[in-house]
Structure formats: structure tokens, C-alpha cells
Amino acid sequence: MTVQCELCPKACLIEPGQSGECRVRVNLDGKLVAVTYGYACSVHVDPVEKKPLFHFLPGTGILSIATAGCNLHCQNCQNWQISQRNPEDVSAEAFPPELAAEAAKRYRCLSVAYTYTDPIVFYEYTLDSCIKAREAGLKNVLVTAGYINETPLRKLCQYVDAANIDLKAFSDAFYRDICSGTLAPVLNTLAVAKSLGVMVEVTNLVIPTLNDSDDDLQKLCRWVATNLGNETPLHFSRFHPDFRMKNLPPTPGRTLDRAKEIAKSEGLYYVYIGNIIRQDAGNTYCHVCGRLLIERQGYVILQNVLENGKCPDCKTEVYGTWI
Amino acid sequence: MDIARRGFLKGALGAVALAAAPALWLFARLAPRRIIEAIPGRRYPGPLRRRDDAAVRKPGRWAG
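Residues numbered from 1 in each chain as written. Chains lettered and ligands numbered in written order. Predicted model: local features only at pLDDT ≥ 70, side-chain atom pairs only at ≥ 80, totals over all residues. Heavy atoms only, no water.

Colleague: I would appreciate a short explanation of helix 3 (residues 123–135) of chain A in the present structure.
Modeller: The periodicity of an α-helix, 3.6 residues per turn, causes residues three or four places apart in sequence to face the same way. Between its first and last C-alpha atoms helix 3 of chain A spans 18 Å; for 13 residues at 1.5 Å apiece the expected length is 18 Å, and the two agree. Directly after helix 3 of chain A, the chain includes G137 of chain A, whose backbone phi takes a positive value near 85 degrees. (Helix = DSSP H or I, 4+ residues; strand = E, 2+ residues; numbered from the N terminus. Expected span 1.5 Å × (residues − 1).)

Colleague: Explanation requested: the pattern of salt bridges in the structure shown.
Modeller: Opposite charge on two side chains lets them pair, provided their charged atoms get close. Residue and element names in this part refer to chain A. Summed over the entire model, instances satisfying the criterion amount to 21 salt bridges over all chains. A salt bridge links E21 to K10, with the nearest nitrogen and oxygen atoms 2.7 Å apart. With a gap of 11 residues between them, E21 in the loop between strand 2 (13–14) and strand 3 (25–28) and K10 in the loop between strand 1 (3–5) and strand 2 connect regions that are remote in the sequence. Of the residues examined, K10 reaches a relative accessible area of 18% and is grouped as buried. (Salt bridge = Lys/Arg side-chain N within 4 Å of Asp/Glu carboxyl O. Buried < 20%, exposed > 50% of the residue type's maximum accessible area, 1.4 Å probe, protein only.)

Colleague: Looking at this structure, how should I read the pairing of strand 6 (residues 42–47) of chain A?
Modeller: Residues and elements named next belong to chain A. The buried count for strand 6 comes to five of six residues, which makes it a mostly enclosed element. Here strand 6 runs beside strand 7 (residues 61–66); their pairing, made up of six bridges, is antiparallel. If you follow H44 over to strand 7, its bridge partner there is S64. (Pairing = 2+ DSSP bridges.)

Colleague: Would you explain the interface of chain B and chain A in this entry?
Modeller: How big an interface is tends to be stated in terms of the accessible area lost upon association of its parts. With 34 residues of chain B at the interface, the matching set in chain A holds 53 residues. Roughly 3,700 Å² of surface becomes buried between chain B and chain A when both sides are summed, with 56% attributable to carbon and sulfur atoms. Counting across the interface, chain B meets chain A through five salt bridges. For R106 of chain A, the salt bridge goes to D53 of chain B, with nearest N and O atoms at 3.8 Å. Run the count over chain B and chain A and you get 31 residue pairs in polar contact (both at pLDDT 80 or more). Within the residue set of the side of chain B that touches chain A, elements represented by two or more residues are helix 1 (2–30), strand 1 (33–35), strand 2 (39–40) and helix 2 (53–57) of chain B. Here the side of chain B that touches chain A takes four residues from helix 2 of chain B, the largest share from any one element. Split into classes, the residues belonging to the side of chain B that touches chain A amount to 17 nonpolar, four polar and 13 charged. (Contact = heavy atoms within 4.5 Å. Buried area = accessible area lost by both parts, 1.4 Å probe. Polar contact = N/O pair within 3.5 Å; in protein donor to acceptor, adjacent residues only side chain to side chain. Nonpolar A, V, L, I, M, F, W, Y, C, P; charged D, E, K, R; others polar.)

Colleague: Please clarify how the sheet that holds strand 2 of chain A should be interpreted in this entry.
Modeller: Either a parallel or an antiparallel arrangement is found when strands of a sheet pair, and the pairing is made through backbone hydrogen bonds. With mixed pairing, the three strands of this open sheet are ordered in space as 2(A)-1(A)-1(B). Both outer strands of the open sheet, strand 2 of chain A together with strand 1 of chain B, are each paired with one neighbouring strand and no more. Sheet topology note: the strand 1 of chain A/strand 2 of chain A ladder contains two bridges and is antiparallel. Looking at strand 2 of chain A, one finds that V3 of chain A is bridged to I14 of chain A.

Colleague: Where do I start with the environment of Y116 of chain A in this structure?
Modeller: Residue and element names in this part refer to chain A. Assignment of secondary structure puts Y116 in the loop between strand 9 (111–114) and helix 3. Along the primary structure Y116 and P96 are separated by 20 residues, whereas in three dimensions their C-alpha atoms are 18 Å apart. There is a polar contact of 2.6 Å between the side chain of Y116 and the side chain of D46.

Colleague: I'm lost on the nonpolar core in this one. Help?
Modeller: Burial of nonpolar side chains together is a common tendency in soluble globular proteins. All names here are of chain A. Grouped together as the largest cluster of nonpolar side chains are 93 residues, with contacts concentrated most on L63, I65, F95, L167, L190 and F236. Among all residues touching F236, those that are not within four sequence positions of it are N204, V206, L217, C221, L256, A259, K260, A263, V271, Y272, I273 and G274. Ranked by size, the runner-up nonpolar core spans 21 residues in total, among them V141, Y270, Y272 and V318. (Core = buried A, V, L, I, M, F, W, Y, C linked by side-chain atoms within 4.5 Å.)

Colleague: Looking at this model, I keep getting lost on helix 6 (residues 184–195) of chain A. Mind explaining?
Modeller: If you check helix 6 of chain A, its first and last C-alpha atoms are 16 Å apart, about what 12 residues at 1.5 Å a residue would give, namely 16 Å. Against helix 4 (150–157), strand 11 (162–166), helix 5 (172–179), strand 12 (199–206) and helix 7 (214–227) of chain A lie the buried residues of helix 6 of chain A.

Colleague: What is the right way to look at the packing of helix 7 of chain A against helix 8 (residues 253–265) of chain A in this model?
Modeller: Geometrically, a packed helix pair is captured by the angle between its two axes and the distance between the axes. Residues and elements named next belong to chain A. Contact geometry of helix 7 with helix 8 gives a least axis separation of 9 Å together with a crossing angle of 40 degrees. By the criterion of interaxial angle, the relationship of helix 7 to helix 8 is oblique. For the pair helix 7 and helix 8, the sense of crossing is right-handed. Packed against helix 7, whose contacting residues are D214, L217, Q218 and C221, the element helix 8 presents R258, A259, I262 and A263 at the interface. Tallied by class, the residues present in the contact of helix 7 with helix 8 amount to five nonpolar, one polar and two charged. (Axes fitted to C-alpha atoms, helices over the stretch in contact; angles between N-to-C directions. Parallel < 35°, antiparallel > 145°, perpendicular 65-115°, else oblique. Left-handed = near helix turned anticlockwise from the far one by under 90°.)

Remember, this is a structural readout, not a statement about activity or role.
Rendered as C-alpha cells:
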């Protein structure tokens with residue numbers, strides 16, 4: 001019997017013995033089976049800044065887990081070796097949800113990230129791991145493209161503390177042409193996650209000629225400021241040629257500087273530049289008095305003068321989850 | 001006349017219901033089952049490897 005997976009907006013109709021577009025949700029005898037549940041293809045302790053999350057427990061390690069598969073097929077995917085392959089071709093280790101929480105404790109992490117590919121496609125594994133992690137006193141982080149239906153998203157958000165959600169472009173055509181997705185569900189995910197109390201940071205990978213015009217950037221920044229709030233951290237990330245998009249050059253530094261200027265002019269308080277070494281790219285400043293609050297070099301915190309999440313000078317509260 | 005009309009309608013509705021029941025049954029059988037949450041697989045379909053504790057302690061090579 002055919003099943004229809006209603007986890008994500010693709011709503012794949014899956015014939016017996018076949019998988020959905022994500023490659024990991026399979027129809028076995030009329031039942032929808034998550035074949036990567038409990039099998040991680042990648043487990044690492046990362047600095048939380050690598051997600052990137054700059055307003056969430058800075059300077060701490062985060063146990064980061066992925067399984068094979070993804071429901072989008074971005075031509076520029078940086079992790080295509082695990083996201084765009086069948087699980088049959090990706091090695092994995094048994095890593096059940098209870099072990100994830102235990103390992104995070106053992107490695108002295110304060111949180112667990114579901115990342116690298118997209119936690120949406122290993123939804124059940126993510127959900128159960130989140131519950132176990134919460135029970136163990138840990139926090140949960142999603143690093144995702146946000147391509148999920150609202151009902152399962154709302155259920156998952158009950159256990160999620162923070163998320164870095166990709167907003168790949170503010171253009172439906174971009175999502176259709178480059179990622180085989182659509183824009184609207186991603187915007188909905190951003191808004192719903194934020195409204196449910198998840199600490200949301202947004203990442204936009206700036207790709208030369210595809211999403212780097214002033215108009216593209218302005219629309220994106222304006223939407224973030226209006227719908228998520230000026231306090232929402234926004235990361236502009238540098239594109240590197242990869243996977244099926246090797247015909248474009250890396251994003252010039254000046255383009256990223258321009259993106260940052262546009263974001264600032266749209267009223268966003270915390271704007272960062274990533275994947276490139278750049279003066280001031282990762283520093284957090286007080287949006288009221290301008291005081292340098294967190295100085296970063298790459299993923300390393302050089303100084304953090306926040307006092308209970310507030311600027312030590314003007315006492316302005318800084319959006320985020322702080323130690 | 002009223003009774004005859006009522007009788008006719010009853011008969012007609014009954015006939016429609018009789019004809020529609022198998023069609024509805026068939027539709028319910030053939031329509032895809034709509035599922036949000038999958039059940040865990042019993043075994044991983046790809047190659048399995050043992051955990052490398054030293055590798056776990058290092059940052060991952062993947063973005064994110």
C-alpha cells in the first residue's frame with residue numbers, strides 16, 4: 001500500500017519498498033519506517049559557535065549528531081557526501097537516543113545539536129533524543145533548513161531550546177531552482193519556532209549572482225526584522241564552490257560587508273559574517289551603547305563581558321541564552 | 001402520494017448507498033495512508049562502524 005509522508009511539505013507518495021525524496025523514510029509493507037533512527041553517520045563535539053550559534057551558551061562544546069539524508073537537494077550543499085547519499089552508502093554507528101544524552105554528559109557538553117544534514121529527515125530520532133537530553137538536564141539545538149510541516153514542528157519545538165535556521169534566499173524561484181524546495185514553509189518555520197520560544201538565529205549563505213543583490217538582501221533582512229524581531233541574530237556566510245555548483249567563485253568579502261551594512265540599515269542588532277576571516281566579523285556589540293560584549297576569532301571566544309546576559313555598561317539585555 | 005414519494009426516495013437513497021459503499025471501501029483501501037511519524041527501522045541499511053572516541057572529541061569535518 002502506498003503511504004504519504006506528511007512530515008515535510010514535499011508530501012512524498014511512497015510506494016512499497018521505496019523511499020521519499022529524503023532517502024531515509026521508507027515504505028516497508030505499508031508502514032513508514034525511519035531507517036536511520038538511532039544510527040548516526042557523524043558524532044562530534046563542536047564549539048557551539050560552529051553551528052553557528054553566537055547567542056547560545058558561548059564558548060561551550062555541543063555534541064553534534066547527524067544521520068544520512070536530506071529533504072532538500074541544494075546544488076551548493078557543503079555536506080553532500082552525507083546529505084545527498086542513500087544510507088546504504090553512508091557508514092554509521094549505533095547511537096540510540098539515550099546514548100546521545102549520556103555521551104553529551106561524558107564529553108562535558110551542555111547541549112546536543114541535530115545538525116550537518118537536516119534533523120527534519122531524522123525527525124523521530126531527533127525528537128526522542130531531545131526528550132532524553134532534556135531529562136538529563138541538557139539543552140537541544142536544531143541546525144536546519146526548516147523545511148517541515150507545522151504540526152510536527154510544533155511538537156518538536158517543545159523540546160528545542162535554540163535553532164539556527166537557514167534562510168537560503170528571499171526568493172521562491174531560488175528555492176525551486178537551487179534547492180528543490182519552496183520559500184513559504186521555511187518562513188513559517190522561522191516564525192513558528194520563534195513564537196514558541198525557541199532562540200532562533202538565521203543563516204544566509206550569500207552566493208554570487210544568485211542571491212547577492214541589494215534587493216535580495218534588503219528583502220530578506222526586512223522580513224527578519226519585521227517578523228522575527230530586530231534582536232534576531234543574522235549570519236551571512238561565505239559561499240565556497242562545492243557539489244554541483246563549482247562554476248561560481250567564492251563570495252567576495254566586500255559582498256558580505258555590503259550584506260552586513262544592509263542588515264544594519266534594516267535595524268537588525270546582531271549581524272555576523274562567517275566562513276571568512278574578517279575584522280569584527282564575529283564580535284557581538286551592545287546595540288544601545290556600542291560596547292564590545294563578546295570578542296570572537298573564528299570559533300574562539302577571546303573575551304565575554306556580558307553580566308547575566310546584559311551589557312555591563314548600559315545594562316541592556318542581549319537576546320540569547322547565556323551561562 | 002406523499003408516502004409514495006417517500007418510498008421512492010428511500011429506495012433511491014438505498015440504491016445509491018449500496019452502489020457507493022464498495023466504491024468508498026475501494027477508495028479507502030487504495031488511497032495512500034497519510035503518516036507524519038515513522039517507526040524506527042530494525043536495522044541500518046548501510047555499513048556499520050564502531051565508535052572512535054578520539055574522533056568524537058574533535059570538531060566534525062562537516063559544516064554546521
